[in-house]
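Given next are the chains, with one letter for each unit.
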Amino acid sequence: MNDVISRGHEAVNPTAFSRRGFLARTSYFGALYATARLFPMSALAGELAGDSRVSQTPIVDKGFASVRKIGEGLYATISDPSKGYQTICNGGFLVGKDSALMIEGFGSAAGAAFQMDALRMVSQVPVKGALDTHYHFDHSMGNGFYSGNGIPLWAHANTAKRIVETYGAMQGVDKAVALGPLEKTVKDSKTELARKHREENLAMVTVVFNIANATVLALPNHPIDPAKLPMKMDLGGLTAVIESYPGHSGTDIVVRVPEQNVVYTGDLLFSGLYPVCLDAQSTVSGWRQTLKTFASWDKDTVFVPGHGSVCGQEGVALFRALFDDIEEQAQKMHKAGVPAAEAADLYVVPEKYKNIGIFVWDFSITPTITKLYAEWGAK
Ligand SMILES: [Zn+2]
């Protein structure tokens, strides 16, 4: 075993992408799936089984992700992180007569390369560009593949800045200093449940810290000004419409193909997972407004969510219901005089949602509840 891998979580490989570096990085994820309640994902929600637009058979399936046709010139890349961490998030590509658009920078350059290989299985048209739906690590740490291949990279105007502020700021920082405050939250836990949630949080932030330190960051060089949206991108007989909506990260972009009722939502929609509201710019009210908009779109819309199975409107309805349930329970606790910090640990997953994944409690339930309390002007 080489030294980088054997040092496990302590290993930070400073080199650019390499197989050795990638193996070292994947070892960091041991903690991720020991803590995160991510289940093996099916690529398609059951409701889409009879949809003639959506191919039941993928064009390629590497376990960690599969790619399938979901429309004319439209493909979805669906990740199953229980089988590997190259892509982590979903994505896809749009192929017109003249050019193609790649969606997502994924969790690693290997993930972006995998998607490019899939594109080349179906088309040789030039790639007009790639697009990060937002700045989060699992959607942007593979950007180096695009910059290394001279592919223009589009994203919300604030994405580059937030990659630098968030992940650049972790680079070269002493790990003990960076993670000390979170270790303290574990030590200070007053209940077993609180301790479990803080430990999961520490493990996940450690994963992100290690990835940030093992990645040569690459930034989008085609900023999208949200004030100038919607923006149309003509790929030759196929038009992508780029829009921005609030909710998940403050940098969220969606790619729609209205002519075919297909939408790539990024993390504004998770399918079969509770929302991740951790971001400082995530807003519960804004996000729920966005979901209302999604629900108003055609009843036959195919949604490619940021994580989870490709779904139809039933996926949007379920996701809205999860927000409703968190709010309902939080309201009751608020009325009973439970402060936000305590309420955050006390949400109970109802029996009917027992198969819904929670990425990490403190990325998901905790911030949703504390943000709801803040929106009510409560503490
Ligand atoms: Zn995200």
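Residues numbered from 1 in each chain as written. Predicted model: local features only at pLDDT ≥ 70, side-chain atom pairs only at ≥ 80, totals over all residues. Heavy atoms only, no water.

### A few points about the overall build of the protein
Thinking step 1. Along its length, the protein carries 13 helices and 13 strands.
Thinking step 2. By the burial criterion, 59% of the 379 residues in the protein qualify as buried.
Thinking step 3. Considering only contacts in the protein between residues 6 or more positions apart, those separated by 24 or more positions represent 66%.
Thinking step 4. Summed over its atoms, the accessible surface of the protein is roughly 15300 Å², and 56% of this surface lies on carbon and sulfur atoms. (Helix = DSSP H or I, 4+ residues; strand = E, 2+ residues; numbered from the N terminus. Buried < 20%, exposed > 50% of the residue type's maximum accessible area, 1.4 Å probe, protein only. Contact = heavy atoms within 4.5 Å. Areas by Shrake-Rupley, 256 points an atom, 1.4 Å probe, with all protein chains shown as cover.)

### A word on the nonpolar core
Thinking step 1. If you look at the biggest cluster of nonpolar residues, it comprises 55 residues, and the most contacted ones within it are Tyr167, Tyr274, Phe294 and Tyr373.
Thinking step 2. Sorting the residues of this core by element identifies helix H9 (192-214), strand E12 (262-271), helix H10 (284-296), helix H11 (313-335), helix H12 (340-346) and helix H13 (365-375) as the ones contributing at least two each.
Thinking step 3. With seven residues, H11 is the largest single contributor of residues to this core.
Thinking step 4. When sequence neighbours within four positions are dropped, the list of residues in contact with Tyr373 reads Ala330, Met333, His334, Val338, Pro339, Ala340, Ala343, Ala378 and Lys379.
Thinking step 5. Counting 28 residues, the second largest nonpolar core, distinct from the first, contains Ala76, Leu235, Val257 and Val304. (Core = buried A, V, L, I, M, F, W, Y, C linked by side-chain atoms within 4.5 Å.)

### With respect to the sheet that holds strand E1 (residues 60-61)
Thinking step 1. Ordered in space as E1-E2-E3-E4-E5-E6-E7-E8, the eight strands form an open sheet in which the pairing is mixed. With one partner strand each, in any of the chains shown, E1 and strand E8 (222-224) form the two edges of the open sheet.
Thinking step 2. Two strands pair when backbone bridges link them, and strand E3 (residues 74-79) and strand E4 (residues 91-95) are joined in this way by four bridges, in the antiparallel orientation. Bridge pairing in E4 links Tyr75 to Phe93.
Thinking step 3. Contacts from helix H4 (residues 109-122) reach E1, strand E2 (65-71), E3, E4, strand E5 (100-103) and strand E6 (127-131), with the element oriented near 30 degrees to E4. (Pairing = 2+ DSSP bridges. Axes fitted to C-alpha atoms, helices over the stretch in contact; angles between N-to-C directions.)

### Section: the pairing of E3
Side-chain direction in a regular strand flips from residue to residue, so the side chains alternate between the two faces of the sheet.
Thinking step 1. By the criterion of burial, E3 is predominantly enclosed, with six of the six residues buried.
Thinking step 2. Pairing of E2 with E3, which is carried by six bridges, proceeds in the antiparallel orientation. Considered in E3, the bridge of Ser66 is made with Ile78.
Thinking step 3. Where E2 folds back on E3, the antiparallel hairpin that results is connected by two residues, among which Gly73 adopts a positive phi of roughly 75 degrees.

### Focus: unusual backbone geometry
Thinking step 1. The step from Leu229 to Pro230 runs through a cis peptide bond, and the omega angle for that step is 0 degrees.
Thinking step 2. Here Pro230 is to be found in the loop between E8 and strand E9 (231-234).
Thinking step 3. The residue Ile88 is not glycine, and still its phi comes out positive at about 65 degrees.
Thinking step 4. Note on placement: Ile88 falls in the loop between E3 and E4.
Thinking step 5. A relative accessible area of 7% places Ile88 in the buried class.

### Observations concerning the confidence of the model for the protein
In regions of low pLDDT, the predicted coordinates are not meant to be interpreted in detail.
Thinking step 1. The share of residues in the protein with pLDDT of 70 or more is 89%, and the mean pLDDT across the chain is 90.
Thinking step 2. Here residues 1-28 scores under 50 on pLDDT; set against residues more than four positions off or in separate chains, the count is 46 contacts.
Thinking step 3. Every residue in residues 34-39 is under pLDDT 50, and counting partners more than four places away or in other chains gives 19 contacts. (pLDDT = per-residue confidence, 0-100.)

### So, the environment of Phe209
Thinking step 1. Checked against the element boundaries, Phe209 lands in helix H9.
Thinking step 2. Each C-alpha atom, one on Phe209 and one on Ala169, is 9.8 Å from the other, the two residues being 40 residues apart in sequence.
Thinking step 3. With near-sequence residues (within four places) excluded, Phe209 lies in contact with Met170, Val173, Asp174, Lys175 and Ala178.

### Description of helix H7 (residues 159-166)
Thinking step 1. Residues of H7 that are buried: Thr159, Ala160, Arg162 and Ile163.
Thinking step 2. Next to the buried residues of H7 lie helix H5 (137-140), helix H6 (143-148) and strand E7 (153-156).

### Some points on the coordination of the zinc ion
Thinking step 1. Only His134 (NE2), His136 (ND1), His248 (NE2) and Asp267 (OD) from the protein reach the zinc ion as donors, at distances of 2.1 to 2.3 Å.
Thinking step 2. Because the angles between the four donor atoms bound to the zinc ion fall within 88 to 176 degrees, the donor set is best described as irregular.
Thinking step 3. All donors of the zinc ion come from a single chain, and their spacing in sequence reads H-x1-H-x111-H-x18-D. Here His134, found in the loop between E6 and H5, pairs with His248, found in the loop between strand E10 (239-244) and strand E11 (253-257); they are 114 residues apart in sequence, far enough to count as distant. This pair shows no difference in class: His134 is buried, exactly as His248 is. (Donors = N, O, S within 2.8 Å, 3.2 Å for Na, K, Ca; no water. Tetrahedral: all angles 85-135°; square planar, octahedral: opposite > 155°, others 65-115°.)

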